[in-house]
Amino acid sequence: MNPFQKRFGLNGRRTRSDAALTLALTFAALTLTLAWPRATPAQGTWSESQSLTTARFLHTAALVPGNRVLVAGGRNAAGVALNSAELFDSFLGRWGTVGPLGAGRFFHTATPLFDGRVLMTGGLAAPGALFSAEMYTPVTDTCNYTGSMTYARYNHTATRLADGRVLVVGGLGADLNPINNAELYDPGTGGWSSAGSFDSARYLHTATPLADGRVLVVGGEGATIGSSLASVEIYNPATNSWSGAASLANGRKLHTATLLADGRVLVGGGWCSSIYPQILTSTEIYDPATGTWNIADCLTYARYNHTATRLADGRVMVMGGVGVDNTAMNKVEIYDPAKGTWRTISNPNEARYGHSATLLDDGRVVVAAGNGVAAPLSSVTIFDPLNFVTNGSF
């Protein structure tokens, strides 16, 4: 039994259900802590905020109009899929109850639309994968069902396209096998249509919108249980078609992919089943102009199920996840695209995973809930980068 199996209580005969639940159980988020050592101190600050009413992890979080944050669904300590939703008012620093959702769900997605609404799709709840989708409407603070997907799925991705539609890709289906198809949601009609099929069924992947409107789908786990895919595919909404792209140097899942200000995509960390150590420090950068990958500077800390957020100044902050000791991390580091280097910064008080980190319009980051060392959390902490950047350099 390896440390990954031991951490999640798995026996050596891992099932697809085990893979889905345990690999995504550690969904780590971006707890942005910045206290930067410099000759002239310029330090971001962390502050504790009001806690959520309900402790949860594997939830979603989305920015809605008014610089507010919607937290929805997730899982509690008893393993129950939650249907509750809470809304954070960043001006008052308080949470209020909204919704609720029509169905409890976790491993779902939440995608902000251009009109301020939030589309939530799929997820997992007893007895299995969900077809349903719901819409949060900020004017009324309510959640209502919208058109259902053709395929039930969880651990998928949902990406807003330039024209406002939402592309849902892959995931695990009702039969616990990965899916190789995609669907498009039209907010104008509330309906779904096919976005075709791609070569490699996958889940625990990433899907990043490129500057030219295409979507870059990277890595994940494939049809072979425990696999880590290096394959990359691109969706073109103009033709509603898929094409292959150059592969990663290392297969990976539970990684992050962040669109940089110059249009490149930074992929970092994750889990690779084909090399040792399996938890990665490596990062790679995709250049859409050339269609190629380049090895980038390594993270200081190996991690998977972490999160990455591009800050207002273009740098990328990575936080949390599960490290080489198979426990939750509170380590934070930041990538400077201009220099191509990482640097560690100060850490938040609590290690957590399966949490959320939402970038506000004013540049602050709200880190909410997640699973702690011993149990799901309701705590919330806010990073304020107001004084972090003084000269734009490390």
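Anything mentioned here points back to the structure above.
From a predicted model like this one, the values you see are computed outputs, not experimental measurements.

Caption draft 1: Examining the packing of aromatic side chains more closely. All chains considered together, the criterion is met by nine aromatic pairs. Both rings, one in F88 and one in W95, keep their centres 4.9 Å apart while their planes meet at 45°; by these two values the pair is tilted. Residue classification places W95 among the buried residues on the basis of a relative accessible area of 11%. Ring centres 4.8 Å apart and planes at 65° place the aromatic pair F106 and F107 in the edge-to-face group.

Caption draft 2: Region of interest: the side chain of E86. With respect to the helices and strands, the residue E86 is situated in strand 4 (residues 85-89). Apart from residues no more than four positions distant in its own chain, E86 is found in contact with L52, T53, T54, R56, V69, L70, V71, W95, G96, T97 and V98.

Caption draft 3: Broad picture of the layout of surface pockets. Each pocket or cavity is described by its volume, and for the largest pocket that value is around 2000 Å³. Residue lining of the largest pocket: 46 residues in total, with A61, A110, A158, A257 and A308 positioned closest to the centre.

Caption draft 4: Examining unusual backbone geometry more closely. Along the chain, G99 connects to P100 via a cis peptide bond; the corresponding omega equals 5°. In this structure, P100 sits in the loop between strand 5 (94-98) and strand 6 (109-112). Backbone torsion omega between A126 and P127 reads 10°, so that peptide bond is classified as cis. Mapping P127 onto the fold places it in the loop between strand 8 (124-125) and strand 9 (128-129). At N155, a position not held by glycine, the phi torsion is positive, near 55°. Within the secondary structure, N155 sits in the loop between strand 11 (142-146) and strand 12 (157-160). Notably, A369 is not glycine yet its phi reads approximately 55°, a positive angle. Residue placement: A369 occurs in strand 29 (residues 365-371).

Caption draft 5: Local environment of the sheet that holds strand 21 (residues 265-268). An order of 20-21-22-23 is seen for the four strands of this open sheet, with the pairing classed as antiparallel. Bordering the open sheet on either side are strand 20 (256-259) and strand 23 (292-296), each of which pairs with just one other strand. The sheet shows a mean angle of 25° between the axes of neighbouring strands, taken without regard to direction. Sheet topology note: the strand 21/strand 22 (residues 283-287) ladder contains four bridges and is antiparallel. In the strand pairing of strand 22, G268 is matched with T283.

Caption draft 6: Spotlight on the sheet that holds strand 12. Sheet architecture is open: four strands sit in the order 12-13-14-15, paired in antiparallel fashion. Of all strands in the sheet, those with a lone pairing partner are strand 12 and strand 15 (191-202), marking the two edges. Between one strand and the next, the sheet's axes are offset by a mean angle of 20°, whatever the strand orientation. Of the pairings in the sheet, the one linking strand 14 (residues 179-186) to strand 15 comprises six bridges and is antiparallel in character. Following the sheet pairing, Y185 is matched in strand 15 by W192.

Caption draft 7: Molecular detail of the pairing of strand 6. Residues T109 and T111 of strand 6 are buried on one face, while the alternating residues A110 and P112, pointing to the opposite face, are not. Note: strand 6 against strand 7 (residues 118-121), four bridges, orientation antiparallel. Paired with T109 across the strands is T121, a residue of strand 7.

Caption draft 8: View of the side chain of E333. In this fold, E333 is placed in strand 26 (residues 332-336). Assessed through its relative accessible area of 0%, E333 is described here as buried. A distance of 2.7 Å separates the side chain of E333 from the side chain of R303, its partner in a polar contact. In this structure, E333 is in contact with L299, T300, Y301, R303, V316, M317, V318, W342, R343, T344 and I345, ignoring residues within four places of it in sequence.

Caption draft 9: Up close: the environment of L113. Residue position: L113 is located in the loop between strand 6 and strand 7. For the pair L113 and M135, spaced 22 residues apart in sequence, the C-alpha separation works out to 9.9 Å. Contacts of L113, omitting those with residues within four sequence positions, involve L119, M135, R160, G164, V166 and P187.

Caption draft 10: Molecular detail of the pairing of strand 20. Side chains of strand 20 alternate between two faces, with T256 and T258 buried and A257 and L259 left unburied. Bridge count between strand 20 and strand 21: four bridges; the pairing is antiparallel. When the bridges of strand 21 are listed, T256 appears paired with G268. Between strand 20 and strand 21, which pair antiparallel in sequence order, lie five residues; one of them, G263, sits at a positive phi of approximately 95°.

Caption draft 11: Fine view of the pattern of salt bridges. Tallied over the entire structure, the rule returns 14 salt bridges. Close ionic contact of E221 with K253 constitutes a salt bridge, the shortest N to O distance being 2.9 Å. With E221 in the loop between strand 17 (215-218) and strand 18 (232-236) and K253 in the loop between strand 19 (241-245) and strand 20, this pair connects stretches of sequence that are 32 residues apart. On the basis of relative accessibility, which here comes to 1%, the residue K253 falls in the buried class. A salt bridge links R303 to E333; the shortest N-O distance between them is 2.7 Å. Of this pair, R303 sits in the loop between strand 23 and strand 24 (307-310) while E333 sits in strand 26, and the two are 30 residues apart along the sequence. Like R303, the residue E333 is buried in the burial classification.

The rules we used
Residues numbered from 1 in each chain as written. Predicted model: local features only at pLDDT ≥ 70, side-chain atom pairs only at ≥ 80, totals over all residues. Heavy atoms only, no water. Phe/Tyr/Trp six-rings, centres within 6.5 Å; stacked < 30°, edge-to-face > 60°. Buried < 20%, exposed > 50% of the residue type's maximum accessible area, 1.4 Å probe, protein only. Helix = DSSP H or I, 4+ residues; strand = E, 2+ residues; numbered from the N terminus. Contact = heavy atoms within 4.5 Å. 1 Å grid on protein atoms, 1.4 Å probe; cavity = no way out; pocket = protein on both sides within 12 Å on 5 of 7 lines; lining within 4 Å. Points joined across faces, edges and corners; volume = space filled by probe spheres on them. Pairing = 2+ DSSP bridges. Axes fitted to C-alpha atoms, helices over the stretch in contact; angles between N-to-C directions. Polar contact = N/O pair within 3.5 Å; in protein donor to acceptor, adjacent residues only side chain to side chain. Salt bridge = Lys/Arg side-chain N within 4 Å of Asp/Glu carboxyl O.

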